[in-house]
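# Fold and geometry: a report
Residue strings, one per chain:
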Amino acid sequence: MSSHVSGASLTTIDYCRLWDEQHARSTAQKEKMGEGGGKFWSDQGVVDRFSQNVISGDPSRMQKQIEEMRIPKGSSVLDIGAGPGTLAVPLALAGCSVTTVEPSEPMGVAMERYRRTMNAPPIREIRKRWEDVTPEEAGVHDVVVASRSLIMGDIRNSLLKMDAAARHAVHLYWFLTPPSSSGGNVELWPLLHGEPYCSEADADILWNALCQLGIYANIMVETKDKSQHYASFSTMQEDYYNRMSVSEEWQRNIVDAFLLDRAVREESGYVVPGVSRTAHIWWEK
């Protein structure tokens, strides 16, 4: 008895296309709400909150992340989507020669302020989206890092460009469960806007996209507290109104009811509890 497998059943999933399609849906939703072109990450309130979290946060968390990447002192590091210098400044302090890619001007200003506060060595900055950086501009570095900053399309070329820019290793950190799922977006967005919330593709798609490109990466998953902390109820409200693209009074009422139900009062302010699962994906060359 002979076995026969129909060619129609041998379908290959194009994970790069899956990523790009999800990114396009997420981008389209943001643009519809007037948040396209990275406006969210250039909003001064958002930048200030991120900067404050970095400055007043637990420094051992960043130290642990740097240690698990095992980047030798004196290495040249390319930090893609550096934000307010969350990793770039500690890496510079640790003796690395750091270059950042960060399109947001306010984030760049915040990073320079953080660098000066910590008295860290100078950091070279590229003020562009990674998709728009040429290989010549990127240069070649010992290590390439992109930590929770993979909001980008054309993932095939984006990943291959990262690989080409690294002499020794690439370290990616991305979400297996989106932070938006614990932050309330998934629950609130349909009530506020009449459609599902479109987050970026998750880390499982990313890892499979790498396999598709012939890059067989290591992966380690970490479950961590993703609670959001606010100094006051009004600060929390404003953040949610901003993130949820709220403009009408009835929408504010829905968000307020969610926060009254979900937020926990603490001595230092308010906390919206949450958990996220983050994947550390890396490969060595």
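The present account deals with the structure reproduced in this document.

Conventions we followed
Residues numbered from 1 in each chain as written. Predicted model: local features only at pLDDT ≥ 70, side-chain atom pairs only at ≥ 80, totals over all residues. Heavy atoms only, no water. Helix = DSSP H or I, 4+ residues; strand = E, 2+ residues; numbered from the N terminus. Buried < 20%, exposed > 50% of the residue type's maximum accessible area, 1.4 Å probe, protein only. Contact = heavy atoms within 4.5 Å. Areas by Shrake-Rupley, 256 points an atom, 1.4 Å probe, with all protein chains shown as cover. Salt bridge = Lys/Arg side-chain N within 4 Å of Asp/Glu carboxyl O. Pairing = 2+ DSSP bridges. Axes fitted to C-alpha atoms, helices over the stretch in contact; angles between N-to-C directions. Core = buried A, V, L, I, M, F, W, Y, C linked by side-chain atoms within 4.5 Å. Phe/Tyr/Trp six-rings, centres within 6.5 Å; stacked < 30°, edge-to-face > 60°. Lys NZ or Arg CZ within 6 Å of the ring centre and 35° of its normal.

The number of helices and strands found in the protein chain is 13 helices and 10 strands. Here the protein chain holds 285 residues, and the buried ones make up 47% of them. Counting contacts in the protein chain only where the partners sit at least 6 residues apart, residues at least 24 apart contribute 75% of the total. Working note: accessible area of the protein chain is about 14,500 Å², and carbon and sulfur atoms make up 53% of it.

Across all of its chains, the model carries 18 salt bridges by this definition. A salt bridge links Glu-195 to Lys-32; the nearest nitrogen and oxygen atoms lie 2.8 Å apart. Highlighted residues: Glu-195 in the loop between helix H10 (185-193) and helix H11 (203-212) and Lys-32 in helix H1 (residues 15-32), separated in sequence by 163 residues. Residue Lys-32 is classed as exposed on the basis of its relative accessible area, which comes to 55%. Ionic pairing is found between Asp-132 and Arg-129, a salt bridge with its closest N-O pair at 3.0 Å. Judged by its relative accessible area of 42%, Arg-129 is partly exposed. Overlapping salt bridges, with partners in common, bring together Lys-64, Glu-68, Glu-222 and Lys-224 in one network.

Turning to the sheet that holds strand E8 (residues 264-266), a few remarks are in order. Spatially, the 3 strands line up as an open sheet ordered E7-E9-E8, and their pairing is antiparallel. The strands lining the two open edges of the sheet, one partner per strand, are strand E7 (228-230) and E8. Shown here is a sheet whose adjacent strand axes are inclined to one another by a mean of 25°, direction ignored. Across 3 bridges, E7 lies against strand E9 (residues 269-272) in antiparallel orientation. Directly across from Gln-228, in E9, lies its bridge partner Val-272. Across the face of the sheet, helix H12 (residues 233-243) comes into contact with E7 and E9 while running at roughly 130° to E7.

With 34 residues, the main nonpolar core has Ile-80, Trp-130, Leu-150, Leu-159, Met-162 and Leu-172 as its most contacted residues. Secondary structure elements with two or more residues in this core: H1, strand E1 (76-80), strand E4 (141-147), helix H8 (155-164), strand E5 (166-175), H11 and strand E10 (275-284). Beyond its immediate sequence surroundings of up to four residues, Met-162 is in contact with Ile-80, Trp-130, Val-144, Leu-150, Met-152, Val-170 and Leu-172. Of all hydrophobic cores here, the second largest spans 21 residues; its members include Met-62, Ile-66, Ala-92 and Tyr-114.

A word on the pairing of E10. Buried residues dominate E10, accounting for 7 of its 10 residues. Where E5 meets E10, 7 bridges bridge the pair, whose relative direction is antiparallel. Of the residues in E10, the one forming a bridge with Phe-175 is Thr-278.

In this section: unusual backbone geometry. Positive phi values are uncommon outside glycine, yet Asn-119 reaches one of about 55°. Take Asn-119: it is sitting in the loop between helix H6 (105-118) and strand E3 (124-126). In this model, Ser-245 sits at a positive phi of 55°, which is unusual for a non-glycine residue. Along the chain, the position of Ser-245 falls in the loop between H12 and helix H13 (249-262).

To continue, consider the side chain of Arg-115. Looking at where Arg-115 falls in the secondary structure, it is placed in helix H6. When near neighbours in sequence (up to four residues on either side) are disregarded, Arg-115 contacts Val-89, Ala-120, Pro-121, Pro-122 and Ile-123.

By convention here, two paired aromatic rings are described through the distance between centres and the angle between planes. Scanning the entire structure with this criterion turns up 6 aromatic pairs. Measuring from centroid to centroid gives 6.5 Å for Tyr-230 and Tyr-240, while their planes differ by 55°, and the two rings are tilted. Taken together, the residues span a long stretch of sequence, with Tyr-230 in strand E7 and Tyr-240 in helix H12 at a distance of 10 residues. Of the residues examined, Tyr-240 reaches a relative accessible area of 0% and is grouped as buried. Between Tyr-240 and Phe-258, the ring centres sit 6.0 Å apart and the planes meet at 40°, which makes this aromatic pair tilted. Of this pair, Tyr-240 sits in helix H12 while Phe-258 sits in helix H13; the two residues are 18 residues apart in sequence, bridging distant segments of the chain. Take Tyr-240 and Phe-258: they sit in the same class, and that class is buried. What links up through ring pairs into an aromatic cluster is the set Trp-19, Trp-174 and Phe-175. Sitting over the face of the ring of Tyr-241, Arg-252 holds its NZ or CZ atom 5.8 Å from the ring centroid.

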